[in-house]
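If you want the building blocks of each chain, they are given just below.
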Amino acid sequence: MVKDKTNLLAGFLPVTTVLILFLAKQLIANGVIEQNWQTVSAIQTAAFILPTVVACLLGRKMGKKVALPSRSINFRQLWFAIIGGVSVAFLAFWANFIVINHSGIATVSGKISVENIPWYAVFIINALIPAFAEELMFRGAMQSLLSEFGTSVSIITTAICFSIIHMDISNIAGSFIFGLFCGYLTYSFASLIPAFLVHLICNSCYLVMDFFIDTYEIFGLVPYFFVTNVFLFLLFGYLAFTSLEKLIVKGKVQKFKRSKPGNYIMTTLGSPGVVVMLLITIMSIAYNV
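The rules behind these values
Residues numbered from 1 in each chain as written. Predicted model: local features only at pLDDT ≥ 70, side-chain atom pairs only at ≥ 80, totals over all residues. Heavy atoms only, no water. Helix = DSSP H or I, 4+ residues; strand = E, 2+ residues; numbered from the N terminus. Buried < 20%, exposed > 50% of the residue type's maximum accessible area, 1.4 Å probe, protein only. Contact = heavy atoms within 4.5 Å. Areas by Shrake-Rupley, 256 points an atom, 1.4 Å probe, with all protein chains shown as cover. Phe/Tyr/Trp six-rings, centres within 6.5 Å; stacked < 30°, edge-to-face > 60°. Lys NZ or Arg CZ within 6 Å of the ring centre and 35° of its normal. Patch = residues over 30% accessible without salt bridge, like charges linked within 9 Å, V, L, I, M, F, W, Y side chains within 5 Å. Salt bridge = Lys/Arg side-chain N within 4 Å of Asp/Glu carboxyl O. Lys, Arg positive; Asp, Glu negative; His and termini not counted. Charge placed at Lys NZ, Arg CZ, Asp CG, Glu CD. Core = buried A, V, L, I, M, F, W, Y, C linked by side-chain atoms within 4.5 Å. Expected span 1.5 Å × (residues − 1). Polar contact = N/O pair within 3.5 Å; in protein donor to acceptor, adjacent residues only side chain to side chain.

Focus on the overall build of the protein
The helix and strand inventory of the protein stands at 10 helices and 0 strands. When the helices and strands of the protein are listed from N to C terminus, the series reads α-α-α-α-α-α-α-α-α-α. Taking all 289 residues of the protein together, 48% fall into the buried category. Long-range pairs, those at least 24 residues apart, make up 85% of the contacts in the protein between residues at least 6 apart in sequence. Counting every atom, the protein has about 14,800 Å² of accessible surface; 69% of that belongs to carbon and sulfur.

Here you go:
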């Protein structure tokens, strides 16, 4: 019974965020809310923080305390998170590139965007706020709530919700890969700090890559950029695996708790919140809401 309530509460998180963002988008479209970078920043923060706070309060009433991972980490763990995060950023880029070029589906995003803003505002909206707010809700609250269903279930289910909440077909594959890595970091080191840092690095890498592609495409340098991307992925991937190997040997990585196969279905299709969020995302992409 407690597991069922926990599953319902975990599903409540992403669907509430989607609804808040959808409502805000409609208010902006109707001129009720002014569309500037300060407003968008506040909406993004509230959309993730408010459901997290409510889930923590409801969890207490249900007898299920949402324990946000907050253990301190050492330099070796931080080093693995950084180089692993850079490697995953390149891998996510290639995953999204393949989807865009082979899916045949037009790129549609549910994100609230703002144009003609200073560079620091771009960084705040696209890197800083998502790194803090999204990780707090997904890897902090949601993954923590689903942990009793097993480690792999909590990581994978959270990564699925994290990817589809973007409501952007061009970013689903990359977000899923990235979500798996952040989930692994959070569980392995029992801390949100690595996920915060990696999310910030990954989003910053995307901003830099977008800048280089837009700036140097007319010079025909994009193919060289892709070659460099592959080289850096292999380099940082190798460094990440060697670093992880040392951490495992020294017992600095937590072992996974066993997950029952049926728990994968229970935490996705068995969660009304997750099902509703899936339907909202599909409708948003299909009808360009």
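Describing the packing of aromatic side chains
This model, assessed by the stated rule, comprises 14 aromatic pairs. Ring geometry for Phe138 against Phe162: centres 5.4 Å apart, planes inclined by 80°, an arrangement best described as edge-to-face. Of this pair, Phe138 sits in helix α4 (residues 119-146) while Phe162 sits in helix α5 (residues 151-164), placing them 24 residues apart in sequence. The burial state of Phe138 is the same as that of Phe162; both residues are buried. Chaining the aromatic ring pairs together yields one cluster made of Phe48, Phe138, Phe162 and Phe178. Sitting over the face of the ring of Phe162, Arg139 holds its NZ or CZ atom 4.4 Å from the ring centroid.

Section: a positive patch on the surface
A grouping of Arg76, Lys246, Lys250 and Lys252 is seen on the molecular surface, where their side chains present a positively charged patch. Looking at where Arg76 falls in the secondary structure, it is placed in helix α3 (residues 75-102). Residue Arg76 is classed as partly exposed on the basis of its relative accessible area, which comes to 42%.

Focus on the nonpolar core
Note that soluble globular proteins tend to have their nonpolar side chains buried in a common cluster. Grouped together as the largest cluster of nonpolar side chains are 63 residues, with contacts concentrated most on Phe80 and Phe138. Counting 5 residues, the second largest nonpolar core, distinct from the first, contains Trp37, Val40, Val114 and Ala121.

Some words on α5
Compared with the 20 Å implied by 1.5 Å per residue over 14 residues, the 20 Å span of α5 between its first and last C-alpha is a close match. In terms of residue burial, α5 counts as a mostly covered element, since 12 of its 14 residues are buried. Along α5, the positions that sit buried rather than exposed are Thr151, Ser152, Val153, Ser154, Ile155, Thr157, Thr158, Ala159, Cys161, Phe162, Ser163 and Ile164.

Points about the environment of Phe226
Checked against the element boundaries, Phe226 lands in helix α8 (residues 222-249). Its relative accessible area of 18% is what places Phe226 among the buried residues. On a C-alpha basis, the gap between Phe226 and Ile213 in space is 9.8 Å, while along the polypeptide they are 13 residues apart. Not counting chain neighbours up to four residues away, the residues in contact with Phe226 comprise Phe93, Trp94 and Phe97.

Digging into a nonpolar patch on the surface
On the surface, Val208, Phe211 and Phe212 cluster together into a nonpolar patch covering about 290 Å² of accessible area. Among the secondary structure elements, Val208 is positioned in helix α7 (residues 193-216). Classification of Val208 as partly exposed rests on a relative accessible area of 43%.

A closer look at helix α6 (residues 172-189)
With 18 residues, α6 ought to run about 26 Å at 1.5 Å a step, and its terminal C-alpha atoms sit 26 Å apart, in line with that. Across the 18 residues of α6, 13 count as buried, placing the element largely inside the fold.

Points about the side chain of Thr16
Relative to the helices and strands, Thr16 is located in helix α1 (residues 2-29). Note on Thr16: relative accessible area 18%, which makes it buried. At 2.6 Å, the side chain of Thr16 and the backbone oxygen of Phe12 are in polar contact.

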